[in-house]
Amino acid sequence: MYNGGKIILGLAVFAGLVTFPFLYNIGQADRQPDLKLDTPVIRQMAVKHCVEPKAFMRAEHMQLLNDWRNEALRQGNREYVSSTGEKYNISLQNTCLHCHSNKKKFCDECHNYMAVHPYCFDCHLQPKENVQ
Amino acid sequence: MRALLPFITVIVLVLLAIVGVEAANLQFLFGVVIPYAAAAIFLAGVIYKVVSWGRVPVPFRIPTTCGQQKTLPWIKQSRIENPTTSAGVITRMLLEVFLFRSLFRNLKTELREGPQLSYGSDKWLWLAGLSFHWTFLLILIRHLRFFTQNVPIPVQMLEHLDSFLQIGLPLLYITDVIFLAAVTFLLIRRFTIPQVKYISLAADYFPLFLILGIGVSGVLMRYFIKTDVVGVKELTMSLVSFSPAIPKDGPGTIFYVHLFLISALFAYFPFSKLVHMGGVFLSPTRNLANNSRMVRHVNPWNYPVKVHTYEEYENDFREKMKTAGIPVEKE
Ligand code: HEM
């Protein structure tokens, strides 16, 4: 090979970048989100269910919150009728976080795993949690 | 026709992923086997290509540059355009790779009335090309959040910066908008400019359609047809830790479409024009200093040539030359 030294150096950098995801995680513990549902409100529910079915909530809760926000603040409609016909008060703090009052052990578990930081709580209040 | 076939190919790839996952339940094939294979082909293929280029000798400097070369001391040298030093070459290469400097000189040529050939500035290709490559890179870096357990701080900072407009939920990424707009521009350009259309081959359209397909499926997945992103990360983390497993109620079909198109892109990469990613570093007009007049470059494939000098020739024929009256150098 001509100019072998420089080319091999370049290829080593390339291989390092491509395999970065494989190398970076070596020795880091696998930490999957561990969601806790044992809040006072949820404990009292006979059938434990969310506003919408679980699969929908997992994928679409951000969209739902966006729709809620628009409904409440732009349309002035603070009542949400779910797909199963139940009525909910549209509110981040008083509905979602009323049931999920363990935000750190629920919302944040997923969000830290995915490195998303919803900016909602710059303004909205978070539930007071006993830090164990 | 040359655009239709690549378009149909990409549609077929999408359908393959949909049918494979929905009807045949081949999640493991599309989620594990094909991505691993594509990554291996990509890595080995690019290295193979670069090494095979490295084996080709470059017999002389190719100073097809467009700046004043180093000459008499009172004439100003264009140090970056026509470098004589390694520092100059490195600067030229970095500017080429990060800013597409030579594309900035792109001109449009028109035959006006007269007939008169006229040239005009045309920066749109440069702008769209640069936007496309940069947003592609930034999106790829942002995707590291799927591949790292503790997402590196720079990746998180990039994510915040990219979504700082705070439009909608999940937040709109600025790079997504620019990416799709730029790829669309590059595609439309091939359809509408007659000269460019004339020289466009299936191998030019296919990567564009494929990349557009990847962008569209990604944008659909984030903003429209949502899927369980935590499930995606469980899958990707299992891939990078070499313990592949499809999560129980894993991500939806749209994710497998996205992933299959990416696998196709990565496997296709080393055998297509896309290897210009490695090629740009090996292009002789960019990586050679123009020092032909300072350094002797010996052609590497020169073999020892048997030479017969004039002196030897005269020694052989001196007597005959003298008799014929031809002047000789040595008596
Ligand atoms: C060629 C490289 C790739 C390109 C150009 C690309 C492009 C995109 C784009 C434009 C989006 C829209 C949202 C965003 O920008 O984050 C997206 C989303 C996404 N991509 Fe990719 N992608 C690539 C590779 C991958 C790979 C290798 C994976 C995982 C195996 C992946 C998984 C995803 C997922 C899960 C989303 C949805 C993200 C969300 O909902 O926040 N992508 N992609």
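Computed from a prediction, not measured in an experiment: that's the story for all the values here.

What counts, and at which threshold
- Residues numbered from 1 in each chain as written.
- Chains lettered and ligands numbered in written order.
- Predicted model: local features only at pLDDT ≥ 70, side-chain atom pairs only at ≥ 80, totals over all residues.
- Heavy atoms only, no water.
- Helix = DSSP H or I, 4+ residues; strand = E, 2+ residues; numbered from the N terminus.
- Rg over C-alpha atoms; globule rule 2.2 N^0.38 Å.
- Buried < 20%, exposed > 50% of the residue type's maximum accessible area, 1.4 Å probe, protein only.
- Contact = heavy atoms within 4.5 Å.
- Areas by Shrake-Rupley, 256 points an atom, 1.4 Å probe, with all protein chains shown as cover.
- Lys, Arg positive; Asp, Glu negative; His and termini not counted.
- Charge placed at Lys NZ, Arg CZ, Asp CG, Glu CD.
- Near = heavy atom within 4 Å.
- Polar contact = N/O pair within 3.5 Å; in protein donor to acceptor, adjacent residues only side chain to side chain.
- Nonpolar A, V, L, I, M, F, W, Y, C, P; charged D, E, K, R; others polar.
- Buried area = accessible area lost by both parts, 1.4 Å probe.
- Salt bridge = Lys/Arg side-chain N within 4 Å of Asp/Glu carboxyl O.
- pLDDT = per-residue confidence, 0-100.
- Phe/Tyr/Trp six-rings, centres within 6.5 Å; stacked < 30°, edge-to-face > 60°.

1. Notes on the overall build of chain B
Point 1. Per the secondary structure count, chain B includes 13 helices and two strands.
Point 2. By the compact-globule yardstick of 20 Å for 331 residues, chain B is too spread out, its C-alpha radius of gyration being 28 Å.
Point 3. Across its three principal axes, chain B shows a C-alpha extent of roughly 105 × 55 × 45 Å.
Point 4. Classification of the 331 residues of chain B by burial places 40% in the buried group.
Point 5. In chain B, the proportion of contacts linking residues at least 24 apart, taken out of those at least 6 apart, comes to 64%.
Point 6. Entry remark: accessible area of chain B is about 19400 Å², with carbon and sulfur atoms responsible for 69%.
Point 7. The average position of the 31 basic charges and that of the 20 acidic charges among the side chains of chain B differ by 3 Å.

2. Remarks on the site of the ligand
Residue and element names in this part refer to chain B.
Point 1. Around the ligand sit 23 residues, and of these His-143, Arg-145, Asp-176, Arg-222 and His-258 come closest.
Point 2. Arg-142 has a polar side-chain atom sitting 2.8 Å from an oxygen atom of the ligand.
Point 3. The side chain of Arg-222 places a nitrogen or oxygen atom 2.7 Å from an oxygen atom of the ligand.
Point 4. When residues of the shell around the ligand are traced back to their parent elements, those giving at least two are helix H4 (124-142), helix H8 (202-224), helix H9 (229-240) and helix H10 (253-268).
Point 5. Residues that form the shell around the ligand fall into these classes: 15 nonpolar, four polar and four charged.

3. A few points about the interface of chain A and chain B
Point 1. Contacts between the two partners involve 34 residues from chain A, matched on the other side by 43 residues from chain B.
Point 2. Summing both partners gives a buried area of about 3500 Å² for chain A against chain B, and 66% of it is carried by carbon and sulfur.
Point 3. In this structure, the connection of chain A to chain B is made through one salt bridge.
Point 4. Two residues, B:Asp228 and A:Arg58, come together in a salt bridge whose shortest N-O distance is 2.9 Å.
Point 5. At the boundary of chain A with chain B, the tally comes to eight residue pairs in polar contact (both at pLDDT 80 or more).
Point 6. Every element with two or more residues in the side of chain A that touches chain B is listed here: helix H1 (4-18), helix H2 (20-24), helix H4 (54-75) and helix H6 (107-114) of chain A.
Point 7. Looking at the side of chain A that touches chain B residue by residue, the class counts come to 22 nonpolar, seven polar and five charged.

4. Side note on the side chain of A:Thr39
Residue and element names in this part refer to chain A.
Point 1. Counting through the fold element by element, Thr-39 comes out in the loop between H2 and helix H3 (40-43).
Point 2. Of the residues examined, Thr-39 reaches a relative accessible area of 1% and is grouped as buried.
Point 3. Within the structure, Thr-39 has its side chain in polar contact with the backbone oxygen of Cys-99 (distance 2.6 Å).
Point 4. With sequence-adjacent residues up to four places away left out, Thr-39 is seen in contact with Cys-99, His-100, Ser-101 and Asn-102.

5. Side note on the confidence of the model for chain B
Point 1. Overall, the prediction assigns chain B a mean pLDDT of 92, with 99% of residues at 70 or greater.
Point 2. Interface predicted TM-score (ipTM) for the complex: 0.90; the corresponding pTM is 0.91.

6. Brief notes about unusual backbone geometry
Residues and elements named next belong to chain B.
Point 1. A cis amide bond links Gly-114 with the next residue in sequence, Pro-115, at an omega value of -10 degrees.
Point 2. By the secondary structure assignment, Pro-115 is in the loop between strand S1 (107-112) and strand S2 (116-121).
Point 3. The omega torsion across Leu-169 and Pro-170 is -10 degrees, close enough to zero to call that bond cis.
Point 4. If you trace the backbone, Pro-170 turns up in the loop between helix H5 (153-162) and helix H6 (174-192).
Point 5. At Phe-242, a position not held by glycine, the phi torsion is positive, near 55 degrees.

7. With respect to the environment of B:Ala264
Residues and elements named next belong to chain B.
Point 1. As for its position among the elements, Ala-264 is in helix H10.
Point 2. Put simply, Ala-264 and Leu-94 are 170 residues apart on the chain and 29 Å apart in space, counted from C-alpha to C-alpha.
Point 3. Contacts of Ala-264, omitting those with residues within four sequence positions, involve Leu-13 and Leu-210.

8. Let's talk about the environment of A:Cys123
Residues and elements named next belong to chain A.
Point 1. Here Cys-123 lies in the segment after H6.
Point 2. A relative accessible area of 69% places Cys-123 in the exposed class.
Point 3. In sequence terms Cys-123 and His-49 are 74 residues apart; their C-alpha atoms lie 27 Å from each other.

9. Considering the packing of aromatic side chains
Residue and element names in this part refer to chain A.
Point 1. According to the stated counting rule, one finds 21 aromatic pairs over all chains in the structure shown.
Point 2. For the pair Trp-68 and Tyr-80, a centre-to-centre distance of 5.4 Å together with 55 degrees between the ring planes defines the contact as tilted. Residue Trp-68 is found in helix H4, and its partner Tyr-80 is found in strand S1 (residues 79-81); the two are separated by 12 residues along the sequence.
Point 3. Among the residues examined, Trp-68 registers a relative accessible area of 3% and is labelled buried.

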